[in-house]
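Chains, contacts and geometry: an overview
Below are the chains, spelled out letter by letter.
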Amino acid sequence: MQQPYEPAGAGEGSSRILVVDDDPTVAEVVAGYLDRAGYVVDRAEDGPTALARAAAHRPDLVVLDLMLPGMDGLEVCRRIRGQGPVPVIMLTARGDEDHRILGLEVGADDYVTKPFSPRELVLRVESVLRRSRPAAPAQPLTADGLTVDPTARRATKNGGELALTLREFDLLSFFLRHPGRAFGREDLMREVWGWDFGDLSTVTVHVRRLRGKVEDDPARPRLIRTVWGVGYRFDPSGAEDGS
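The notes below deal with the structure included here. What you are looking at is a predicted structure, and each value in this text was computed from that prediction instead of being measured. (Residues numbered from 1 in each chain as written. Predicted model: local features only at pLDDT ≥ 70, side-chain atom pairs only at ≥ 80, totals over all residues. Heavy atoms only, no water.)

Quick notes on unusual backbone geometry
Residue proline 115 is reached from lysine 114 by a cis peptide bond, and omega for that bond is -10 degrees. Position of proline 115 relative to the elements: it lies in the loop between β5 (110-114) and α5 (118-132). Residue arginine 153 is not a glycine yet carries a positive backbone phi of 50 degrees. Inspection of the secondary structure assignment puts arginine 153 in the loop between β7 (146-149) and β8 (154-157). The exposure class of arginine 153 is partly exposed, given its relative accessible area of 24%. In this structure, asparagine 158 is a non-glycine residue whose phi angle is positive, near 50 degrees. (Helix = DSSP H or I, 4+ residues; strand = E, 2+ residues; numbered from the N terminus. Buried < 20%, exposed > 50% of the residue type's maximum accessible area, 1.4 Å probe, protein only.)

Pasting the structure below:
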C-alpha cells in the first residue's frame, strides 16, 4: 500500500523539486529560480535519469517536460506516479493542447506552456505544494455515497477509496461544499485552485476525469451536471434534467 504523501517542506527542511528537461538553458533557468525561492533542486535531462533521481531522493514535486529523448514525459509521469503520489507540473509547447490534456489525464497536477515566465512557474509550484500538504482539521463531507476527508486528503465512494489527483480532490471537495450551485469554469479556476489566469480547458479535463471516478455512468453524469451556458453544478439529488 502506498504511504500518505507529505512534502518535506511540511516538516523539516525545504521541499525537494526534480526538474526534468533536456534543454539545458530551460533547466538552468528553472532550477535557478526555484533555488532562489528556497527549494532544494535536482535536475535530470532524460527519462531514465529522472526515474533514477526520483528513486534515490524522493521529490516533493516534479517539473517535467513532455518532450524528452528516449522516454517521453507521459511515460516518466506514469512511472514516477507509480512509485507514490508525487505532484507533477508538466512543461508543454504552446498550442500543443492534445499533449497537455494527455498530461493531465495521466495524473499531472498542473501544466505550464513554453515559453513561460519562470516567476509564474514558481508560483504554480508553491500553489501545488501548498495544496498537497495536510489540511487543517475539518469535518468529512458526504453526499450520495461519496465521502471526502479534507484532513486525511482521502476520498471514498461507497466505502471504496478513490484514486484522485490533488486537483481532482480539491474540485470534488469544492463541489461537496457547494451542492446545487452552478459555477463557471472561470469561477472554478479561481475558487478551487486560486488562479486568476490559465487555460479553461484545464477545468474541462479535470471535470471529465473526476466524472470518470465518481459517476456510475460517466457518459450520463448524474452528480456533476453540465449547466449549459454557465459551467457545472454538483447535484446530489441526481435529477435527470440538464445532464
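Observations regarding the packing of aromatic side chains
For the structure shown, the criterion picks out two aromatic pairs. Between phenylalanine 174 and phenylalanine 183, the ring centres sit 4.9 Å apart and the planes meet at 65 degrees, which makes this aromatic pair edge-to-face. When its relative accessible area of 6% is taken as the criterion, phenylalanine 183 is described as buried. The ring of tyrosine 33 has arginine 36 lying over it, and the distance from NZ or CZ to the ring centre is 4.8 Å. (Phe/Tyr/Trp six-rings, centres within 6.5 Å; stacked < 30°, edge-to-face > 60°. Lys NZ or Arg CZ within 6 Å of the ring centre and 35° of its normal.)

A word on the sheet that holds strand β9 (residues 160-161)
Judged by pairing direction, the sheet is antiparallel, and its four strands sit side by side in the order β6-β7-β8-β9 without closing on themselves. Both edges of this open sheet fall to β6 (141-143) and β9, since each of them pairs with a single strand only. Looking at chain direction, β7 and β8 are connected through four bridges and run antiparallel. Within β8, the position partnered with leucine 146 by the bridge is lysine 157. Seen against the sheet, helix α6 (residues 166-177) touches β6, β7 and β8 and runs at an angle of roughly 110 degrees to β7. (Pairing = 2+ DSSP bridges. Contact = heavy atoms within 4.5 Å. Axes fitted to C-alpha atoms, helices over the stretch in contact; angles between N-to-C directions.)

Describing helix α1 (residues 24-36)
For α1, spanning 13 residues, the distance from its first C-alpha to its last is 18 Å, which sits close to the expected 18 Å at 1.5 Å a residue. For α1, the full list of buried residues reads Val26, Ala27, Val30, Ala31, Gly32 and Leu34. In this structure, the buried side of α1 is in contact with β1 (16-20), β2 (40-44), β5 and α5. Capping the start of α1 is the job of one residue whose side-chain oxygen sits 2.9 Å from the backbone nitrogen of threonine 25: aspartate 23. (Expected span 1.5 Å × (residues − 1). Polar contact = N/O pair within 3.5 Å; in protein donor to acceptor, adjacent residues only side chain to side chain.)

As for α6
Taking 1.5 Å of rise per residue, twelve residues should cover 16 Å, and α6 covers 17 Å from first to last C-alpha, within 8% of that figure. In terms of burial, α6 is a largely internal element, eleven of the twelve residues being buried. Residues of α6 that are buried include every one of Leu166, Arg167, Glu168, Phe169, Asp170, Leu171, Leu172, Ser173, Phe174, Phe175 and Leu176, and no others.

Structural notes on the sheet that holds strand β12 (residues 231-234)
Within a beta sheet, neighbouring strands are joined by backbone hydrogen bonds and run either parallel or antiparallel to one another. In spatial order, the strands read β10-β12-β11; together these three strands make up an open sheet with antiparallel pairing. Either end of the sheet is taken by a strand with one partner, and the two such strands are β10 (182-184) and β11 (224-227). In this sheet, adjacent strand axes meet at a mean angle of 35 degrees when their direction is disregarded. Running at roughly 145 degrees to β11, helix α8 (residues 201-214) makes contact with β11 and β12 of the sheet.

Here's the deal with the packing of α5 against α6
It is the contact of α5 with α6, at a shortest axis distance of 10 Å, that shows an interaxial angle of 65 degrees. With respect to the hand of their crossing, α5 and α6 are arranged in left-handed fashion. Between α5 and α6, the contacting residues are Ser127, Val128, Arg131 and Ser132 on the first element and Leu166, Arg167 and Asp170 on the second. Considering only residue class, the contact of α5 with α6 consists of two nonpolar, two polar and three charged. (Left-handed = near helix turned anticlockwise from the far one by under 90°. Nonpolar A, V, L, I, M, F, W, Y, C, P; charged D, E, K, R; others polar.)

By themselves, these figures tell us nothing about what the structure is for.
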